[in-house]
Amino acid sequence: MEQKFTGFKCKSCGRVMYPKHDRCLSCKGREFEEVGLGKEAKLVTYTKLYAIPEGIEMPPLILGIVEFSGGVRAMGQLTTDDPKTGMKLRPVWGKLRKMKDREIFGFKFEPVNKGLKGKSVNEVGG
Amino acid sequence: MRDVAIIGCGMTKFGRSQGDLMDLLAEASLRAIDHAGADESDFDSVYVGNMMAGELVHQTAIASSLVDRINLVPAAAERVENGPASGASAVKNGFLAVASGAADLVLVAGGEKMTEADTDVITDLVSTMTHPTVEYVHGVTLPAMAAMLTRLYMERYGLSERHLAMIAVKNHANGMKNPYAHIQRLCTVEGAMSSGVIADPIRLYYACPISDGAAAVVLCSMEKAKEFTDKPVRIVGFGHATDVQTLQEREDPAVLKSVQIASQQAFRMAKLEPKDIDVVETHDAFEILEIVQSEDAGFFEKGKGHLAVEKGVTALDGELPINPSGGLKARGHPVGATGVAQIVELVWQLRGEAGERQVKDPKRAFACNFGGFGNNTVIHILERAW
Ligand SMILES: [Zn+2]
């Protein structure tokens, strides 16, 4: 099942934001509609975190900032252990971590070309 | 507004301390009061910068406790919390109280007791500064954010790991000359570059330690300062600005806009420019931040800050010494104390009381304290007033 990664579009000026704010960052409008941000995003920067927080199973935890085509960015976990700036990723729903015995779910990002045998990870957009 | 003077300052040794939070705050405060020669004076207000006393040492309303410990009753007393910029925010509040005429004599203290807690607990508590739903639950920590900023700088501006190591070497060397510093040990570029990776590309030596400590300053009107000292230091400007909370939503994640805005405010208020500053203390919780802050404050062109350390510009004997105290890297980072400790260091520097790490004859100084990861910045500019 495909889940849609959504942002919040200001009904007054049309700016799309993620996360949600109670007032639009551009025009202070207070009404929003949820809109999909797209199926693909580009990796802007990343880290391999070795000093991991509670409820993450194994270091390193790969975290990155991705940018969707409309320019909206999101931070999240990456499912690849070989991230490259500029690579194309898509949001996938999954378990993020455990916090006090509660499992937290959310979007992570996986390489678009995952599973295509013989394809090189160099095939990434700039 | 009235002119405001710093007439005395003091701090505890930073590091792992035997005393509790109140012991630290009381020690730093009494040192500042003695340095000011204000032992017999009645204080109007007390501001205590502290981030996590409730969470870490199970004590709340600590400002009330401090005035009781050192007999400043019935002075108005309150704790100021603004993340790791709690200290600078407390100084700012003290400044405003005197500038407005609401108070004549003010004590500002900042302190934190951190080393009794596990590192994991501290890292988690500090991580709660991040956005609760789109950063924190994903496992985002401050080192992770600093690492992502570092990578942007490496890929965009040609920063190398070596530059981060060189800043660590400089700040360790300065810390060696600071008897109050947590870390008093030299390090080498090679040593720093072979330390363990916390959050790639950040290694242990590119990040500050966890420390206990407190620092304090005494403020009064410039008029009244003459009664206490021949060497008052004037607070000529401050700036305080915020940015959106998440790193990803910033206009440009490699730009610390709150540093830009707060610095511009402070320079405008002081009627000064970056070239007028002789010595700087930055909030180098991670060495990358010394570079980014020094650029966004206006001291170096964007993307060129790392060249300053390479050329020795920011060394003790350079054109613009940065973090003569050793910075957060070597002096240590008891979060609520840091912003006050930066001011203490700069007052000592301006008064020529900084001992072995004395910068040559500085007239004006600049401090940058961070209350989040670039989303809340407090700046102060100080000037010799004699
Ligand atoms: Zn709007």
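Use the structure listed above.
Described in the following lines is the structure provided in the data block. These numbers come from a predicted model, not from an experiment.

Concerning the sheet that holds strand β8 (residues 233-242) of chain B
Residues and elements named next belong to chain B. In spatial order, the strands read β3-β2-β4-β7-β1-β8-β11-β10-β9; together these nine strands make up an open sheet with mixed pairing. A single partner strand is all that each edge strand has here, and the edge strands are β3 (76-80) and β9 (279-281). Adjacent strand axes in the sheet meet at a mean angle of 25°, parallel and antiparallel pairs treated alike. Across five bridges, strand β2 (residues 45-49) lies against strand β4 (residues 105-112) in parallel orientation. Within the sheet, the bridge partner assigned to Tyr47 lies in β4 and is Val108. Lying over the sheet, helix α10 (residues 257-270) contacts β8, β10 (364-370) and β11 (376-384), oriented at roughly 150° with respect to β8.

Things to note about the sheet that holds strand β2 (residues 16-17) of chain A
Residues and elements named next belong to chain A. The three strands are arranged β2-β1-β3 in an open sheet whose pairing can be described as antiparallel. Unpaired on one side and paired on the other, β2 and β3 (32-36) mark the two borders of the sheet. For strand β1 (residues 6-10) and β2, the ladder comprises two bridges, and the chain directions are antiparallel. When the bridges of β2 are listed, Lys9 appears paired with Val16.

Let's talk about the interface of chain A and chain B
Facing the 29 residues of chain A at the interface are 27 residues of chain B. Between chain A and chain B we count zero salt bridges in total. Between the two partners, chain A and chain B, sit 13 residue pairs in polar contact (both at pLDDT 80 or more). At six residues, strand β4 (residues 41-49) of chain A tops the list of elements feeding residues into the side of chain A that touches chain B. Across the side of chain A that touches chain B, the residue classes tally to 19 nonpolar, seven polar and three charged. Here two bridges tie β4(A) to strand β5 (residues 197-200) of chain B, and the two strands are oriented antiparallel to one another. Within the sheet, the bridge partner assigned to A:Leu49 lies in β5(B) and is B:Ala199.

Overview of unusual backbone geometry
Residue and element names in this part refer to chain B. The amide bond that connects Val73 to the next residue, Pro74, takes the cis arrangement and shows omega of 10°. Here Pro74 is to be found in the loop between α3 (62-69) and β3. Residue Asp200 is joined to Pro201 through a cis peptide bond whose omega torsion reads 10°. Tracing the backbone shows Pro201 in the loop between β5 and β6 (202-203). In this structure, His58 takes a positive phi of about 55° despite not being glycine. Here His58 is to be found in the loop between α2 (53-56) and α3. A relative accessible area of 76% places His58 in the exposed class. In this model, Asp361 sits at a positive phi of 45°, which is unusual for a non-glycine residue.

Here's the deal with the coordination of the zinc ion
Residues and elements named next belong to chain A. Distances from the zinc ion to its protein donors, namely Cys10 (SG), Cys13 (SG), Cys24 (SG) and Cys27 (SG), fall within the range 2.3 to 2.4 Å. Seen from the zinc ion, its four donor atoms lie at angles of 99 to 116°, and the figure they make is tetrahedral. On the primary sequence, the residues serving as donors to the zinc ion are separated as C-x2-C-x10-C-x2-C. Taken together, the positions of Cys10 in strand β1 and Cys24 in the loop between β2 and β3 put the pair 14 residues apart, joining distant regions of the chain. Residue classification places Cys10 among the buried residues on the basis of a relative accessible area of 2%.

Definitions and limits used
- Residues numbered from 1 in each chain as written.
- Chains lettered and ligands numbered in written order.
- Predicted model: local features only at pLDDT ≥ 70, side-chain atom pairs only at ≥ 80, totals over all residues.
- Heavy atoms only, no water.
- Pairing = 2+ DSSP bridges.
- Helix = DSSP H or I, 4+ residues; strand = E, 2+ residues; numbered from the N terminus.
- Axes fitted to C-alpha atoms, helices over the stretch in contact; angles between N-to-C directions.
- Contact = heavy atoms within 4.5 Å.
- Salt bridge = Lys/Arg side-chain N within 4 Å of Asp/Glu carboxyl O.
- Polar contact = N/O pair within 3.5 Å; in protein donor to acceptor, adjacent residues only side chain to side chain.
- Nonpolar A, V, L, I, M, F, W, Y, C, P; charged D, E, K, R; others polar.
- Buried < 20%, exposed > 50% of the residue type's maximum accessible area, 1.4 Å probe, protein only.
- Donors = N, O, S within 2.8 Å, 3.2 Å for Na, K, Ca; no water.
- Tetrahedral: all angles 85-135°; square planar, octahedral: opposite > 155°, others 65-115°.

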